[in-house]
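Inside the fold
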Amino acid sequence: VSIALVLFMLGVVSYVTLSALSAARSLRGSVVVSVELGSEVVGQARADVLSQIEATGLCSEVEFLDRESKFADEEFRKQFEVDLDMLLGENPLRDSFEITLSDECATREQVEAFVSSVEHIAGVEYVSVPPIDVIEGMHSTISYVTIGLAAFFGVLLIISILLLNNTIRLAIYSKRYLINTMKLVGATKWYIMRPFLGSALKQGLIAGVVAAAMICGIVYGAESFTVEGLTMLNYREVAIIVGSVVAVGLVITLLFSIFAVNKFVNMKSSSIHLY
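Read on for an overview of the structure. Fair warning: this is a prediction, and the values are worked out from it, not measured in the lab. (Residues numbered from 1 in each chain as written. Predicted model: local features only at pLDDT ≥ 70, side-chain atom pairs only at ≥ 80, totals over all residues. Heavy atoms only, no water.)

In terms of regular secondary structure, the chain is built from 10 helices and 4 strands. The buried share among the 275 residues of the chain stands at 33%. For the chain, contacts bridging at least 24 residues in sequence account for 83% of all contacts bridging at least 6. Working note: accessible area of the chain is about 16,000 Å², and carbon and sulfur atoms make up 64% of it. (Helix = DSSP H or I, 4+ residues; strand = E, 2+ residues; numbered from the N terminus. Buried < 20%, exposed > 50% of the residue type's maximum accessible area, 1.4 Å probe, protein only. Contact = heavy atoms within 4.5 Å. Areas by Shrake-Rupley, 256 points an atom, 1.4 Å probe, with all protein chains shown as cover.)

This part takes up the side chain of threonine 17. Mapped onto the elements of the fold, threonine 17 is located in helix α1 (residues 2-28). For threonine 17, a relative accessible area of 6% translates into the label buried. At 2.7 Å, the side chain of threonine 17 and the backbone oxygen of valine 13 are in polar contact. Ignoring any residue separated from it by four or fewer positions in sequence, one finds threonine 17 in contact with Leu149 and Phe153. (Polar contact = N/O pair within 3.5 Å; in protein donor to acceptor, adjacent residues only side chain to side chain.)

With that settled, consider the layout of surface pockets. The volume enclosed by the largest pocket comes to roughly 390 Å³. As for the largest pocket, its lining consists of 19 residues, and the residues nearest its centre are Ile3, Ala171, Ser199, Ala200 and Gln203. Counting residues per element, the ones that place at least two in the lining of the largest pocket are α1, α7 (132-173), α9 (189-224) and α10 (235-266). A per-class count over the lining of the largest pocket returns 12 nonpolar, 6 polar and 1 charged. (1 Å grid on protein atoms, 1.4 Å probe; cavity = no way out; pocket = protein on both sides within 12 Å on 5 of 7 lines; lining within 4 Å. Points joined across faces, edges and corners; volume = space filled by probe spheres on them. Nonpolar A, V, L, I, M, F, W, Y, C, P; charged D, E, K, R; others polar.)

Moving on: the environment of valine 6. For valine 6, the location among the structural elements is in helix α1. C-alpha of valine 6 to C-alpha of leucine 157: the two residues are 151 residues apart in sequence and 9.9 Å apart in space. Sequence-distant contacts of valine 6, defined by excluding residues within four places in its chain, comprise Ser160, Leu163 and Leu164.

With that settled, the discussion passes to the packing of aromatic side chains. Per the stated rule, a full pass over the model turns up 1 aromatic pair. Residues tyrosine 173 and phenylalanine 264 carry aromatic rings whose centres are separated by 6.4 Å and whose planes lie at 50° to one another, so their mutual orientation is tilted. Note that tyrosine 173 is positioned in helix α7 and phenylalanine 264 in helix α10, a separation of 91 residues in sequence. On the basis of relative accessibility, which here comes to 29%, the residue tyrosine 173 falls in the partly exposed class. (Phe/Tyr/Trp six-rings, centres within 6.5 Å; stacked < 30°, edge-to-face > 60°.)

What follows is about helix α8 (residues 176-184). Restricting attention to buried positions, one finds in α8 the residues Arg176, Ile179, Asn180 and Met182. For α8, the angular spread of the buried residues around the axis is 160°, confining them to a single face. Glycine 186 lies just past α8 and shows a positive phi near 100°. (Arc of directions from axis to C-beta.)

Turning to the sheet that holds strand β1 (residues 32-37), a few remarks are in order. Strand order in the open sheet formed by 4 strands is β2-β3-β1-β4, with antiparallel pairing between adjacent strands. The open sheet has two free edges, formed respectively by β2 (59-65) and β4 (124-128), since each of these has just one partner strand. Going across the sheet, the axis of each strand differs from the next one's by a mean of 20°, ignoring polarity. Both β1 and β4 contribute to a ladder of 4 bridges, which runs antiparallel. Looking at the pairing, serine 34 lines up with serine 128 of β4. Along the sheet face, helix α2 (residues 44-54) touches β1, β2, β3 (96-101) and β4 and points at about 15° away from the line of β3. Relative to β4, helix α6 (residues 108-119) is tilted by about 160°, and along the sheet it contacts β1, β2, β3 and β4. (Pairing = 2+ DSSP bridges. Axes fitted to C-alpha atoms, helices over the stretch in contact; angles between N-to-C directions.)

Quick look at the structure:
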């Protein structure tokens, strides 16, 4: 039970930490720059502009929007209280490339350099970019959060390992006199260790499976009540966490059992009662 609870805690925190890091990566890639093109930029000229934009190496995704589709977009038209057709008489919008900046474009200098290079491309009429202070602040905050989550996970991992070690050592400690008796009647080291290691593997497997089942229940509940727009882990990543929990349960219980049993097997009989 103790091993299963520790593994469950470790698995849940792993899930929460990786989900937060995944959300942070999504936020890093959510900065969109709109590059509006001149009316004469069509066909090969448009392809040339696109190739020059992609040559900057700071674009993770580029989407082309023509002026007709933007003018017909209901969400865009809802921003106005009057009929655009009656007000304007014609479509005033331009064709544009909607560019999602990559993670590397995180500082003010990089954003300004990207905007400046795009503005000088022939055929580009206007470049619309979110406030650079907001972009820079968002990336800075995400970096601090990422470091904090990584540090928290590292501390929790150390605490979990110590708890598992103490739990297993206490279980072996309660059988130290049995180990000493077996050694006194001539049992070999492997003969003494074999049943303890078999029991450790069995307990580690059961604890890992129980913890994995509890983690799957938590993940199912989290996905059922998740906030819209919040990035969660996919099933493959969840399967990796669950498999890792089971593997950790097996490996750690086996290793700690080897160390604990080996200590009492090598201990002198006259020192057993002093420990």
